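# Fold and contact review
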Amino acid sequence: MSAPAKTVETVKIKVNGKELDAPKDQPVLQTCLDNGIYIPHYCYHPALSISGNCRMCLCTASNAPKAVISCATFPAEGAEYTTESEEVKKLREIILEFLLINHPLDCPVCDQAGECDLQEFSFRFGKDDSRFEEEKNYRHTKKLGTNVRLYGNRCIVCTRCVRFCEEIAGDAELCVRERGDSNIIDTFPGIPLENPISGCVADICPVGALFVDDFVHKTRVFFLESTTSVCNMCATGCSINVDTWQGEVQRLRPRHNPDVNDYWMCDRGRVGYKYSGAAERLSRYEVGPARAGSSAGDGKAKAGPTDPPRSTRAPSDFGKALAAVSDRAERVRREHGPGAFAFVASAWMSVEEMFLFRRLATTLAGAVPGEAGPATGILAVADGEAWTPRVGGAFKIDSDRNPNRKGAEMLLLGSFISEPFSVLLDRLESGAIKFAWVVGGIPDFSPMDRFRDALGAISNVVVTDILPGPLSERATILLPAASFVEKDGVFVNGRGWAQRCRAALPPPGETRTELDLFQELLRRAGERERVLSAQGVYAELAAEVGAFADTSYKTLGALGARVTDDEPAEREPTGREAAKR
Amino acid sequence: MSAISKPSDTLAFEPVLTRYIGKKDSHTLDFYLSHGGYDAAKRVVRDYKPDEVIDAVKKSGLRGRGGAGFPCGLKWSFVPKKTDKPKYLVCNADESEPGTFKDRVINEEDPHQLLEGILITCWAVGIETAYIYIRGEMWRGAQRLKAAIDEAYAKGYLGKKIFGKKFNLDVTVHRGAGAYICGEETGMLSSLEGGRGYPKLKPPFPAVEGLFRCPTVVNNVETLANLPHIFNRGIEWYRSIGTEESPGPKLFCVSGHVNKPGVYERPLGIPLRELIYDVCGGIPGDRGIRAVIPGGSSAPFLGPDELDTPMSYEGLKDAGSMLGSAGVIVLDDTTDLLSALLNVGKFYHHESCGQCTPCREGCGWVEKILQRMHDGRGRSEDIDLVDEICNQMVGKTICVLSDALAMPAQSVLKKFRPELEKLIAQGRPDVLCELAREPSPAL
């Protein structure tokens, strides 16, 4: 699936009597993990340099007199390593007892409880009692930066966060201060932890010392339901887990995907779910009368930018709203022909939605898009700032803020859209367009004035959107839409990597997903027999669009697959390779 | 093992390293040159091939004076001959082991002796950059070293084309910021690189990948100061001093309850009793000895019945202790051992870098228990608990700082257990320690 594997030089080792082929450059710990032999560890992280300080992964080796840490032990031909023995069991008990003596044991109020390695290892490998009866040390609790909070007392000083800031983010904002058991993670004076991926330190923290501020005291992690998905905040499309509880998204967490984001995601993406739970989310179908005034085709739009048209829409429901769309489209087609239609897609739609919308445009207008047919365009947000970690790795923050621009190029260019946006604007302003359908779905979207004003003067404006804004204000028919945490679909990231987005929650109120909406309209128009799931639509799409041929939800799996070779992604070295040890 | 020098021999011992110390202007280049200074370096650079130097040092049997006693020539030979990277010499002058003050004497009073040793080492290993990492508190030593380096540059003993050969050498003095752990060789390298003084994982050893990830030789001040004498007076002469396994003279730093504390140069292998009674004039008030720490605070304590131990690497190893940096601390029979041990515990707790779990947590734990015992709130099971914690600290960390607390602590628990049990039963500090607080006649 990924780049062709390099031939790895291996040596033969034995672990607990079992023979293994161990890659020469890989620590014994990783080889064991890869082969299903679990060795508890804190400071070792596959993306970071080896520090060897937690001593949790101590094991015995036939070629060493003392116990060795398996994270910093590289396999020697013929050596035997033992990870399950009375001696190793004792070693683990010792380390865990040491780790807990200055730990506050405040699991009942700690947000990590339930996914805490200290808890888990103590339960699995530790003793049930401590001989420590002295006073515990106290260390500071503070905010390290806008997004990250430190609970110093719980820290086991594994320095994963310090190494992350140094080796991955490259800004090296964190350091260890003080000595011995007063050791504490801190920032340098006047330089807070503000790199764009600072939240990742909370992900890699094995205990409850570091948290993303957004998640502190929100819920217990063992209540969370996790759904694998893809982040929607830029064209990188980080693999994520969407954690939900009681119908709300509680947090997003990066999911390891070596071809897309490694172990990381940016702070912007991490709170990129916020709008989906906003109180003002559009959740009601609304239908208003066709706009008069401009139907005479008197040329320029009338409504000004400061003067959004007063809403005359009345509450409706899915069925009635769809009937209204069909009827109006039918009337416009009869009276004005296919040239009176405009369809505006968005680079925030999934490829399935684009595929259906493309078909819907032809169906409703009665002709393929083009000069004589309906006018078309794609909405996208302007580029933001790109950011690449200073020290290699697959992860980057794309300057393209649209999650599926690549998918739009692959599905819509040529077949749906062949003219620049200015042509669409000209046609919208000409007064010839009597029916425009705009798909938004972009949070905080502010369309250009010309587009917005032109919409305000068109008789029938269908808007599919998630939040109230300049688009919904100008709609004569408003169709609420699902956000990315509420829908299934495939997004293609900037490097041509297709990944599945999966619904973690139902859409708000009576909202149906665009997938249902588009299919239902097509069904009513006699274009399809049944409303299919996203998987079914994707199968249709894969059969029709060359780039997606031979792929399916099954082959995409949890990590996705490359669907275009436009920009072959060269795997830059990850932190460890770059920083060596 | 060759015959250990007779007491009369050692008393008549002619100092080698400290011969000119105490003379007026002993730290200046003029003075150093007046008694044949830099002759050895000159001859070595002109007449010896690097490999011949390494061989000679191997044959001399010179062992590292920093603590571990690793053979010096062998250490040099681990440095790869062919490498694209620069090689470094780091001279460890971060003398911070409690009870140790020998390098300070050389740095302050005879710095050119050290520089000459550095010249010989760098010629042997092919090094063009040397650092002297000196303990931050030793301001005078740093000043003297800097002045000596300036003098040597002016004379052409440092810099480019030294002694007319294709041999360049730059020496820089770097002052530490006062952490014990920066005296550990890899901790020192981290510190010199500009980082926190965390000891590094070994392997790779510094000889292969050390400072700035380049091959690096790390040697103690005293080790390097021995080199000019080996080449001036010959291997045979050198081996005639000390024992077979520990040849050469050694600076012993004697402190504590002795009449004449100080730095004494004597051949390795001198019996501890002789060092205390003949060299240092015995114990004030002719009191008895309760314990002796023979090699700096990290060495296991010796009891009064072990005074005949020869002060050599192998002699002390056989006695279950170590020569370490030869910082001999004598504790007379008024000493509260718990107090002494607590002091050691406090030191290592304070100086643990906190990198590895067993050391970070263990040192603090041990100190807290000792403090409680000292405060009269000890329990009978505490002795076993401390012993058990120490067991858990030994050999499980990156460097040996946790061993440096665990080993002396365990030696005290083992050798003086009845006394400690008595103290715990009393439930209050040893009455004898009140006595100890009276000013000692030696001070």
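Residues numbered from 1 in each chain as written. Chains lettered and ligands numbered in written order. Predicted model: local features only at pLDDT ≥ 70, side-chain atom pairs only at ≥ 80, totals over all residues.

For chain B, the count of helices and strands is 19 helices and eight strands. Its C-alpha atoms give chain B a radius of gyration of 22 Å, near enough to 22 Å, the size a compact globule of 443 residues would have. Over its C-alpha atoms, taken along the principal directions, chain B stretches across nearly 75 × 50 × 40 Å. Taking as baseline every contact in chain B between residues at least 6 positions apart, the subset at least 24 positions apart corresponds to 73%. (Helix = DSSP H or I, 4+ residues; strand = E, 2+ residues; numbered from the N terminus. Rg over C-alpha atoms; globule rule 2.2 N^0.38 Å. Contact = placed C-beta atoms within 7 Å.)

Looking now at the overall build of chain A. Each helix and strand counted, chain A has 16 helices and 23 strands in total. Dimensions of chain A, computed from C-alpha atoms along their principal axes, come out at roughly 90 × 50 × 40 Å. Burial statistics for chain A: of 581 residues in total, 53% are counted as buried. Taking all contacts inside chain A whose residues are at least 6 apart in sequence as the whole, residues at least 24 apart take part in 69%. (Buried ≥ 20, exposed ≤ 12 C-beta atoms within 10 Å, placed from the backbone.)

Residues and elements named next belong to chain B. With parallel pairing, the four strands of this open sheet are ordered in space as 3-2-1-4. The sheet terminates laterally at strand 3 (170-175) and strand 4 (216-220), the two strands that pair on one side only. Between one strand and the next, the sheet's axes are offset by a mean angle of 20 degrees, whatever the strand orientation. Of the strand pairs in this sheet, strand 1 (residues 88-93) and strand 2 (residues 129-134) are connected by six bridges, and their pairing is parallel. Bridge pairing in strand 2 places V90 opposite Y131. Relative to strand 1, helix 7 (residues 111-125) is tilted by about 150 degrees, and along the sheet it contacts strand 1, strand 2, strand 3 and strand 4. Strands in contact with helix 9 (residues 185-192) are strand 1, strand 2, strand 3 and strand 4; relative to strand 1, the strand with the most contacts, it is inclined by about 110 degrees. (Pairing = 2+ DSSP bridges. Axes fitted to C-alpha atoms, helices over the stretch in contact; angles between N-to-C directions.)

Residue and element names in this part refer to chain A. Entries for chain A in the domain assignment read domain 1 (10-98), domain 2 (107-277) and domain 3 (322-562). Centre-to-centre separation of domain 2 and domain 3, based on C-alpha positions: 36 Å. Every contact between the two is made by 30 residues of domain 2 and, on the other side, 35 residues of domain 3. Those elements that place two or more of their residues in the side of domain 2 that touches domain 3 are helix 4 (160-169), strand 11 (225-230) and strand 12 (239-245). Its residues placed into classes, the side of domain 2 that touches domain 3 shows 14 nonpolar, 13 polar and three charged. (Domains from an automatic or database assignment. Nonpolar A, V, L, I, M, F, W, Y, C, P; charged D, E, K, R; others polar.)

With that settled, consider the interface of chain B and chain A. At the junction of the two partners, chain B supplies 27 residues and chain A supplies 24 residues. For the side of chain B that touches chain A, the secondary-structure elements that each account for two or more residues are helix 14 (337-351), helix 15 (357-377) and helix 16 (382-393) of chain B. By residue class, the composition of the side of chain B that touches chain A is nine nonpolar, 11 polar and seven charged.

All names here are of chain B. When its domains are assigned, chain B resolves into domain 1 (29-239), domain 2 (249-332) and domain 3 (337-435). For domain 1 versus domain 3, the distance between C-alpha centres works out to 36 Å. Listed by partner, the interface residues are 11 residues for domain 1 and seven residues for domain 3. When the residues that make up the side of domain 1 that touches domain 3 are grouped by side-chain class, the tally is seven nonpolar, three polar and one charged.

Another point: the nonpolar core. Formed by 300 residues in total, the largest nonpolar core has its most connected members in A:A436, B:V90 and B:C91. With residues near it in sequence (within four places) discarded, B:C91 still touches B:I118, B:A130, B:Y131, B:I132, B:Y133, B:N219, B:V221 and B:L224. (Core = buried A, V, L, I, M, F, W, Y, C linked by C-beta atoms within 7 Å.)

On to the pairing of strand 21 (residues 489-492) of chain A, then. Residues and elements named next belong to chain A. Of the two faces of strand 21, the one holding G489 and F491 and the one holding V490 and V492 are both buried throughout. Looking at chain direction, strand 21 and strand 22 (residues 497-501) are connected through four bridges and run antiparallel. In the strand pairing of strand 22, V492 is matched with A498.

Residue and element names in this part refer to chain A. Inspection of the secondary structure assignment puts V438 in strand 18 (residues 435-439). When the 24 C-beta atoms within 10 Å are taken as the criterion, V438 is described as buried. Considering only alpha carbons, one finds V438 and Y275, 163 residues apart in sequence, at a separation of 20 Å.

All names here are of chain B. Counting buried residues in helix 9 gives seven out of eight residues, a clear majority hidden from the surface. All buried positions along helix 9 are accounted for by E185, T186, G187, M188, L189, S191 and L192. Looking at the buried side of helix 9, the elements it contacts are strand 1, strand 2, strand 3 and strand 4. Trailing helix 9 by a residue or two, G194 shows a phi angle of about 105 degrees, which is positive.

The next subject is the sheet that holds strand 17 (residues 375-379) of chain A. All names here are of chain A. Here we have seven strands laid out as an open sheet, ordered 15-14-20-19-18-16-17, and mixed in their pairing. Lying at the two open borders of the sheet, with one neighbouring strand each, are strand 15 (314-315) and strand 17. The pairing of strand 16 (residues 341-346) with strand 17 spans five bridges and is parallel. Counterpart to S346 in the pairing with strand 17 is L379. The strands that helix 7 (residues 318-336) touches are strand 14 (286-287), strand 16, strand 18, strand 19 (460-465) and strand 20 (477-480); relative to strand 20, the one it contacts most, it runs at about 135 degrees.

Here we take up the environment of A:Y553. Position of A:Y553 relative to the elements: it lies in helix 15 (residues 553-556). Along the sequence, A:Y553 and A:V242 sit 311 residues apart, while their C-alpha atoms lie 19 Å from each other.

Further remarks concern the pairing of strand 3 (residues 58-61) of chain A. Residues and elements named next belong to chain A. Inspection of the sheet shows strand 3 paired to strand 4 (residues 68-69) by two bridges, in the antiparallel sense. Bridge pairing links C59 to V68 in strand 4. Between the antiparallel neighbours strand 3 and strand 4 lie six residues. Examined bridge by bridge, strand 3 and strand 5 (residues 80-82) share two bridges and lie antiparallel to one another. Bridge assignment links A61 to a residue of strand 5, and that residue is Y81.

Turning our attention to the environment of A:E134. Inspection of the secondary structure assignment puts A:E134 in the loop between helix 3 (117-125) and strand 6 (141-143). As for A:E134 and A:I101, which are separated by 33 residues in sequence, their C-alpha atoms are 8.8 Å apart. Those residues in contact with A:E134 that sit more than four places away from it in its chain are B:W365, B:K368, B:I369 and B:R372.

What follows concerns the packing of helix 8 (residues 351-365) of chain A against helix 13 (residues 514-524) of chain A. Residue and element names in this part refer to chain A. Relative to each other, helix 8 and helix 13 sit at 30 degrees, their axes nearing to 10 Å. What the angle tells us is that helix 8 and helix 13 run roughly parallel. As helix 8 runs across helix 13, the sense of the crossing is left-handed. For the pair helix 8 and helix 13, the contacting residues are E352, E353, L356, F357, R359, L360 and T363 in the first and E514, L515, F518, Q519, L521 and L522 in the second. (Parallel < 35°, antiparallel > 145°, perpendicular 65-115°, else oblique. Left-handed = near helix turned anticlockwise from the far one by under 90°.)

Glancing now at helix 14 (residues 534-544) of chain A. Inspection of helix 14 of chain A places A:A534, A:V537, A:Y538, A:L541 and A:A542 among the buried residues, and these make up the whole buried set. Axial view of helix 14 of chain A: buried residues confined to an arc of 140 degrees, hence all on one face. (Arc of directions from axis to C-beta.)

A separate point is the packing of helix 8 of chain A against helix 9 (residues 405-412) of chain A. All names here are of chain A. For the pair helix 8 and helix 9, interaxial distance at closest approach is 10 Å and the crossing angle is 30 degrees. When the axes of helix 8 and helix 9 are compared, the crossing they make is right-handed. Contact residues: V351, M354, F355 and R358 in helix 8; G407, A408, L411 and L412 in helix 9. Residue composition of the contact of helix 8 with helix 9, by class: six nonpolar, one polar and one charged.

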